[in-house]
Structures are given as C-alpha cells and as structure tokens.
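In case you want the letters, here they are:
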Amino acid sequence: VFAGNEVRVVRDHHHEPTPTPVTSFMANYLGLQGGIQITASHNPPNHNGVKSSTRYGGVDTDDISDKIADQLRALIQEGGEIRFGPLDSPLIDPV
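As a further point, take the overall build of the protein chain. Along the protein chain, the regular secondary structure elements total two helices and four strands. The order of helices and strands in the protein chain, counted from the N terminus, is β-α-β-β-α-β. Overall size of the protein chain, expressed as C-alpha extent along the three principal axes, is 35 × 35 × 25 Å. Expressed as a percentage of the 95 residues in the protein chain, the buried residues total 19%. Counting contacts in the protein chain only where the partners sit at least 6 residues apart, residues at least 24 apart contribute 47% of the total. In the structure as shown, the protein chain presents an accessible area of about 7300 Å², 57% of it carried by carbon and sulfur atoms. Averaging the positions of the 7 positive and the 12 negative side-chain charges in the protein chain gives two centres separated by 3 Å.

This next bit is on helix H1 (residues 20-29). All of the buried residues in H1 are Thr23, Ser24, Met26 and Ala27. Looking straight down H1, one finds that the buried residues subtend no more than 165° of arc, so they occupy a single side. In H1, the exposed positions angled more than 90 degrees off the buried face are occupied by Pro21 and Tyr29. For H1, the secondary structure elements touched by its buried residues are strand S2 (34-39) and strand S3 (49-54).

Right, let's talk about the packing of aromatic side chains for a bit. Scanning the entire structure with this criterion turns up one aromatic pair. Ring geometry for phenylalanine 25 and tyrosine 29: centres 5.5 Å apart, planes at 20°, overall stacked. Note that phenylalanine 25 and tyrosine 29 are positioned in helix H1 at a spacing of four residues, about one turn of the helix.

What counts and how
Residues numbered from 1 in each chain as written. Predicted model: local features only at pLDDT ≥ 70, side-chain atom pairs only at ≥ 80, totals over all residues. Heavy atoms only, no water. Helix = DSSP H or I, 4+ residues; strand = E, 2+ residues; numbered from the N terminus. Buried < 20%, exposed > 50% of the residue type's maximum accessible area, 1.4 Å probe, protein only. Contact = heavy atoms within 4.5 Å. Areas by Shrake-Rupley, 256 points an atom, 1.4 Å probe, with all protein chains shown as cover. Lys, Arg positive; Asp, Glu negative; His and termini not counted. Charge placed at Lys NZ, Arg CZ, Asp CG, Glu CD. Arc of directions from axis to C-beta. Phe/Tyr/Trp six-rings, centres within 6.5 Å; stacked < 30°, edge-to-face > 60°.

As structure tokens, then:
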C-alpha cells in the first residue's frame, strides 16, 4: 500500500513480521524521517493498527499520532482510493 502511493518502503529482507522495536531502531539507524508499522498484534486482520516512531527511534508524540489518524480518517471519509503497488516495486528496499 505504501509503495502503491509512492512512499518509499524499507522492510525486513526475509519478508517476515518485524518486532516494533526493530522498526524504531531501523528508522534511526538508516537515517529515515520516522517509521510506520502496520500491526495486528493479537487482533484479527480487520482490526490492524498503525504504530509510528520518530526519526530518533522514540515513540511519536500525540500531535504526530493525531496527524496520522486525521489523514487516515480523511481518506476514509472522502472515499479515497487505496492503491496497491507491486512487491517488486523500486520503492521497496529490503534491509
């Protein structure tokens, strides 16, 4: 979904689930602006959540989390389109 919307993706090179602390660490280690992880935790797939971290690997502040939630709500309310990109997209970098 990120690549389908022209957002660069850095993902685990084994295509396996990645623990949340690794996402935070890698955002810092790779010098990214932050990290976003889609997580279901122990919930069913239709209850996935979004976890975000800062460029320094810390937990986002409420104002940043609120901006992400507002963008997601706006997309849903406006009937926005979710675009899927191919798994071999040049926007996806394995690490």
